[in-house]
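# What the coordinates show
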Amino acid sequence: MNLIKRPYNKLSYIPFYKIQINDDFWSKRQQINRDMSIHLQHEKLEQDHHIDNFRVAGGVKKGVQIGEFYYDSDLYKWLEATSYILHTHSDPDLELKTNEIVDLINKSQIEDGYVNTFYSTRFLQERFTNLYIMHELYCAGHLIQAAVAHNIATGKETLLNVAIKFADLLVKNFLGGKRKGVPGHEEIELALIELYRLTNKASYLELAEEFINKRGNISNFKTYVLNQYLNMGYITKLAKKKNLEYEKEVKGKDISSIQKSEVAEFVSELPITHFIRLIRENFNGNFIQSNKPVRAIFEPVGHAVRAMYLYCGMADLYSERGEDALLKSLRRIWLKMYKARMYVTGGIGSERSTEGFGKDFALGNRDSYSETCAAIGNMMWNWRMLQITGNCKYADLIERLLYNAMLVGQSIDGKKYTYDNPLISLGKDERKEWFLCACCPPNIARTISSLGNYIYSISEKGIWVHQYIGNTTTINFQSNLIKISQKSLFPWKEKVEIHLNLSKSQKFSIFIRIPNWSIDTELTVNGIKHSDGLSKGKYVEILRNWLDNDIILLTFKMKPNLIKSDPRIKDNRGRAAISYGPLIYCLEQKDNKKFDIFKTIIPRNQEFIVNYKPELLGGINIITGKNSNNEIFTAIPYFAWSNRGPDKMQIWHKSI
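Let us look at the structure shown here. (Residues numbered from 1 in each chain as written. Predicted model: local features only at pLDDT ≥ 70, side-chain atom pairs only at ≥ 80, totals over all residues. Heavy atoms only, no water.)

This brings us to the overall build of the chain. Of regular secondary structure, the chain possesses 17 helices and 22 strands. For 656 residues, the compact-globule estimate of 2.2 N^0.38 gives 26 Å, and the C-alpha radius of gyration of the chain, at 25 Å, lies within 12% of that figure. Overall, the C-alpha framework of the chain stretches about 75 × 65 × 50 Å when taken along its three principal axes. If you take every contact in the chain between residues at least 6 apart in sequence, the share linking residues at least 24 apart comes to 70%. Just so you have it, the chain exposes about 25,300 Å², and 50% of that area is on carbon and sulfur atoms. (Helix = DSSP H or I, 4+ residues; strand = E, 2+ residues; numbered from the N terminus. Rg over C-alpha atoms; globule rule 2.2 N^0.38 Å. Contact = heavy atoms within 4.5 Å. Areas by Shrake-Rupley, 256 points an atom, 1.4 Å probe, with all protein chains shown as cover.)

Quick look at the structure:
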């Protein structure tokens, strides 16, 4: 088993379960996640039939599958999150819930390995007829990831065996070009590579590679898409018919499957111009990133979450194969995204119709979709690029995403969520306890519970410190046990202390990330100033003979800053956004009752004041300054907005 080292990566990460997070900021988020959020999510998954569907599929109770065709995936993401939590914390109640669901999934698997409640409870003969739309392989991917996580956390093999049996069925049915088409929602690619790393079964890697290589190479693509949509119409009508038959059988028992589907509702609410764009993006291949072969891609297109999962799969494939053309393509895509198709928060997706990418610099604040899952996918991709290259820009973007575009997706109390994340709100946006398309809540849960993955890596030369999150860990480096204790005051204060305990003195390098936002950085080792290589947006390498009880002190100068936007972004001309360290700030109307936040002007030449407010929004730094009318304004971190009810909000302010 070789889960950590990838042969073509420069770095190897230290997994979360070897890291004990004791951070003032993130420990609260993790505790809320495991004590509150994960259990509330279980209740919602139960209420919306996600769990009941497996009882039906497993023969535990009579009924029909209720809900959307992708419902299984949300339960799998929840199960992955619980596995991470149970790996590091004891929770008998959560363990019971997890065991029940694992047992139900096991019971739901049919003899040849297939698992999918939408198809297996109604029309098994129709399986694998619609890869483009019906999310079978997407669901399979999340099942595999949950199974790998569960096996690593518990040592149990029940769910892993389910995943292996299903993966073997996929190999039998798909490997060697046996079926036309590619997965419409990427996910299976990176999951298969993850399973390959656990089992060393080469056919899983080969199938992932085949799925990736087929993108952009489907003959008569427009006809293929049309046929898939016709098939979807047939399948959904047939599903509704079978549910109605069941309802009639039980004498009018009400079941929620009769209501309008979430997909149909989303499409029906699109303005005509958006609807036309959605159709065009589907038929030209952009929507599912099948417009070009992957090695010819030069820009991110289509549905943002799907794109991120594809790029994760491509990065994983590079890590195993070392093919330069894949890495070159990924570098081109990343640069285009970063320079021209990403919001200041790190959010991606400026087209509501496709939940995805628009044209260069078409980053309208009202149009910002910035789906929470897309931010998480972006973190996953950048984490892979960081391990491959050791380039600081990927760690910098992970930090921005972590504190802004991802964190905004969950309320401070852990009970509510956002699906999309605008950069301006007229006061109608509000957080919700759940969604019919419930991908974001369990995605956040699995991200926060595995947060430690993002902190450290090792290379042949030494140890790399990527994120400043309070923790302790012990790293086995070249037969030396090195205990690292990191104390961080992020994101509110600028100081970080790294304490080393070594079983023996040793010469090696420690690579320290200097964030791209740091105005000035001070670094000392045992009180002695280290000045060489302290360039922001880079790692500084400290090569020395390290001794037991060595201490590294870091001070990153954090100062409120007005960020200028690229003038090619039409909405932001003459405007500025407020940043402080890794955080992007916004104005909410309730904090600024004396003026209209949409009309106020913020002068650039002024000193802003930072104050920590422990009683406000779980404890935050607020930033105050004066507008052009000499009125005091108050800004809060973007992740904290809409935690006191719907309100007007904006990030980009008029500025002179």
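Okay, the packing of aromatic side chains next. For the structure shown, the criterion picks out 42 aromatic pairs. Within the aromatic cluster, the residues linked to one another by ring pairs are F25, W26, Y403, W492, Y612 and F639. The ring of W546 carries R544 above its face, with NZ or CZ at 5.1 Å from the centroid. (Phe/Tyr/Trp six-rings, centres within 6.5 Å; stacked < 30°, edge-to-face > 60°. Lys NZ or Arg CZ within 6 Å of the ring centre and 35° of its normal.)

Inspection of the entire model under this criterion finds three cavities of 30 Å³ or more. If you add up the space inside the largest cavity, you get close to 520 Å³. Lining the largest cavity are 27 residues, with Y13, E80, Y84, E194 and N453 positioned closest to its centre. When residues of the lining of the largest cavity are traced back to their parent elements, those giving at least two are α3 (71-88), α6 (136-154), α8 (188-199), α15 (372-389) and α17 (440-449). By residue number, the principal contributor to the lining of the largest cavity is α6, which donates five residues. (1 Å grid on protein atoms, 1.4 Å probe; cavity = no way out; pocket = protein on both sides within 12 Å on 5 of 7 lines; lining within 4 Å. Points joined across faces, edges and corners; volume = space filled by probe spheres on them.)

In this fold, Q467 is placed in the loop between β5 (462-465) and β6 (471-477). Reaching out from Q467, the side chain makes a polar contact with the backbone oxygen of A395 at a distance of 3.0 Å. Separated by 3.3 Å, the side chains of Q467 and R513 make a polar contact. Once you skip the residues sitting within four places of it in the chain, Q467 turns out to touch A395, I398, E399, Y454, I455, Q486 and R513. (Polar contact = N/O pair within 3.5 Å; in protein donor to acceptor, adjacent residues only side chain to side chain.)

Read across the open sheet, the five strands follow the order β1-β4-β5-β9-β12; overall the sheet is mixed. Across the chains shown, the open sheet's two edge strands, defined by having one partner strand only, are β1 (12-13) and β12 (538-546). Direction of pairing for strand β4 (residues 456-458) relative to β5: antiparallel, over a ladder of three bridges. Looking at the pairing, I458 lines up with I463 of β5. Running over the sheet, helix α16 (residues 392-406) touches β9 (506-514) and β12 and is turned about 55° from β9. (Pairing = 2+ DSSP bridges. Axes fitted to C-alpha atoms, helices over the stretch in contact; angles between N-to-C directions.)

Here helix α13 (residues 304-321) spans 25 Å end to end across 18 residues, near enough to the 26 Å set by a 1.5 Å rise per residue. One or two steps after α13, the chain reaches G322, where phi turns positive at roughly 70°. (Expected span 1.5 Å × (residues − 1).)

Note that T418 resides in the loop between α16 and β3 (424-426). Counting along the chain gives 237 residues from T418 to S655, while the straight-line C-alpha distance between them is 29 Å. Beyond its immediate chain neighbours, meaning those up to four positions away, T418 contacts T372, V408, G409, R431, F435 and C440. In this structure the side chain of T418 is engaged in a polar contact, spanning 3.4 Å, whose partner is the backbone oxygen of V408. Within the local environment of T418, its side chain forms a polar contact with the side chain of N421, the two groups lying 2.5 Å apart.

It is worth spelling out the layout of surface pockets at this point. In this model, the second largest pocket occupies a volume close to 780 Å³. For the second largest pocket, the lining is made up of 32 residues, of which Y338, V344, R400, I563 and I584 are closest to its centre. Class assignment of the residues belonging to the lining of the second largest pocket gives a composition of 17 nonpolar, six polar and nine charged. (Nonpolar A, V, L, I, M, F, W, Y, C, P; charged D, E, K, R; others polar.)

Strand pairing in a sheet is mediated by backbone hydrogen bonds. Such pairs are either parallel or antiparallel. Read from one edge to the other, the open sheet built from seven strands follows the order β2-β6-β7-β8-β13-β10-β11, with strand pairing classed as antiparallel. Both outer strands of the open sheet, β2 (19-21) and β11 (528-529), are each paired with one neighbouring strand and no more. By the bridge criterion, five bridges tie strand β10 (residues 521-525) to strand β13 (residues 551-556) in an arrangement that is antiparallel. Across the sheet, residue T521 finds its bridge partner in β13, namely F556.

Turning our attention to the environment of K292. Among the secondary structure elements, K292 is positioned in the loop between α12 (272-283) and α13. In the structure, K292 is positioned 76 residues away from G216 in sequence and 4.1 Å away in space, judged by C-alpha atoms. Residues in contact with K292, not counting those within four places in the same chain, are R215, G216, I297 and F298.

What follows concerns the pairing of β6. Most of β6 sits inside the fold, with five of its seven residues counted as buried. As paired elements, β2 and β6 share three bridges and run antiparallel to each other. Pairing of I19 across the sheet is with T473, part of β6. Two strands pair when backbone bridges link them, and β6 and strand β7 (residues 480-488) are joined in this way by seven bridges, in the antiparallel orientation. (Buried < 20%, exposed > 50% of the residue type's maximum accessible area, 1.4 Å probe, protein only.)

Here we take up the nonpolar core. Soluble globular proteins: nonpolar side chains tend toward being buried together. Core analysis: the largest hydrophobic core is formed by 213 residues, its most contacted members being W26, I105, W381, I512 and I651. The leading source of residues in this core is α13, at twelve residues. When near neighbours in sequence (up to four residues on either side) are disregarded, I512 contacts V465, Y468, I498, L523, K538, Y539, V540, I542, I552 and L554. (Core = buried A, V, L, I, M, F, W, Y, C linked by side-chain atoms within 4.5 Å.)

We now examine the pairing of β10. Within β10, four of the five residues are buried, which leaves it mostly tucked inside the rest of the structure. Judged from the two bridges that link them, β10 and β11 form a sheet pairing that is antiparallel. Looking across to β11, one finds that T524 is bridged to K529. Between β10 and β11, which pair antiparallel in sequence order, lie two residues; one of them, N526, sits at a positive phi of approximately 55°.

Our next topic: helix α7 (residues 158-174). Spanning 17 residues, α7 covers 24 Å between terminal C-alpha atoms, matching the ideal 24 Å at 1.5 Å per step. Taken together, the buried positions of α7 are occupied by L159, L160, V162, A163, F166, A167, L169, L170, V171, N173 and F174. In this fold, the buried residues of α7 make contact with α3, α4 (92-108), α6, α8 and α9 (202-214).

So yeah, pure geometry; function would need other evidence.
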